[in-house]
Structures are given as structure tokens and as C-alpha cells.
Amino acid sequence: QVQLVESGGGLVQAGGSLRVSCAASGRALSRYNMGWFRQAPGKEREFVAVISGSGVSTVYAESVKGRFTISRDNAKNTMSLQMNSLKPDDAAVYYCAAGMSIQSPQTGAPFWGQGTQVTVSA
């Protein structure tokens, strides 16, 4: 029943910034932890960040810690990932997800968006 739609992907130079967002359907979004995964060609899906339903707690992958910031606005049914100091290794399709464990978010999620492409030029 939950539908997630990403936006904001695009092309950016290394060292630049980009913000990707996710619009969610359904009520009571605060019940769900939400976050982001990414997948580059030929590689496995990788956990990026998660935020608790209340927005109080966040967890980041070590590779993006200090550069990416996840946030949410439950009143607007939106969730975003601000990506700064982007590197070529950050290039991937970024997927919005909901319902993952805050303790073990890397295990996956029951709800997924269609993905948005992020390209980082060297």
C-alpha cells in the first residue's frame, strides 16, 4: 500500500552537492523508519542512511558519514538526503525505502521507490 517516489537525481561534479527527496503515500508516516539505499552497475545494493519515525535517530554508512545528512518532514510526507562533497564512488541509483530496522537497516526494507540516478563526474 505504501508508495515511494524519488526525485532530485542528476549530474554533479566531484566535490559538489545534490539533494534527493522521497514523497510517500499513506498516512501515519511516523510509524516507519525511512532511509536510502544505492546500487551502482555490477554491484550489490548498499545501505546509505536511515532515520527513525520520529526523526530523532539517524544511522549512516561509514562511507558517507560526515558528508550526507538525512531528514524527514512527516507533515509533508517527505524524506530527503542532502549529499555534500560528492565523490565518483557515490554515483549510483538511489532508492528510497521505508520500514527497515533502525538497528540493522542494511538487511533491507519492505517498501521501495523506483530509484533516481545520481551521476558524479571526476
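Reading guide: rules and limits
Residues numbered from 1 in each chain as written. Predicted model: local features only at pLDDT ≥ 70, side-chain atom pairs only at ≥ 80, totals over all residues. Heavy atoms only, no water. Helix = DSSP H or I, 4+ residues; strand = E, 2+ residues; numbered from the N terminus. Buried < 20%, exposed > 50% of the residue type's maximum accessible area, 1.4 Å probe, protein only. Polar contact = N/O pair within 3.5 Å; in protein donor to acceptor, adjacent residues only side chain to side chain. Contact = heavy atoms within 4.5 Å. Salt bridge = Lys/Arg side-chain N within 4 Å of Asp/Glu carboxyl O.

Some remarks on the side chain of Thr-116
Along the polypeptide, Thr-116 turns up in strand E11 (residues 116-121). Under the relative-accessibility criterion, Thr-116 is labelled buried at 11%. A distance of 3.2 Å separates a polar atom in the side chain of Thr-116 from the backbone nitrogen of Gly-9. With near-sequence residues (within four places) excluded, Thr-116 lies in contact with Glu-6, Ser-7, Gly-8, Gly-9, Val-20, Ala-92, Val-93 and Tyr-94.

A few points about the pattern of salt bridges
If you walk through the whole model with that rule in mind, you get 4 salt bridges. Between Arg-67 and Asp-90 there is a salt bridge; the shortest N-O distance is 2.8 Å. Placement of the pair is Arg-67 in the loop between strand E6 (58-60) and strand E7 (68-73) and Asp-90 in the loop between strand E8 (78-83) and strand E9 (92-98), with a sequence separation of 23 residues. In this pair, the class of Arg-67 matches that of Asp-90, namely buried. Bridged by salt links that share partners, the residues Arg-38, Glu-46, Arg-67 and Asp-90 form one connected network.

Keep in mind these values describe shape, not function.
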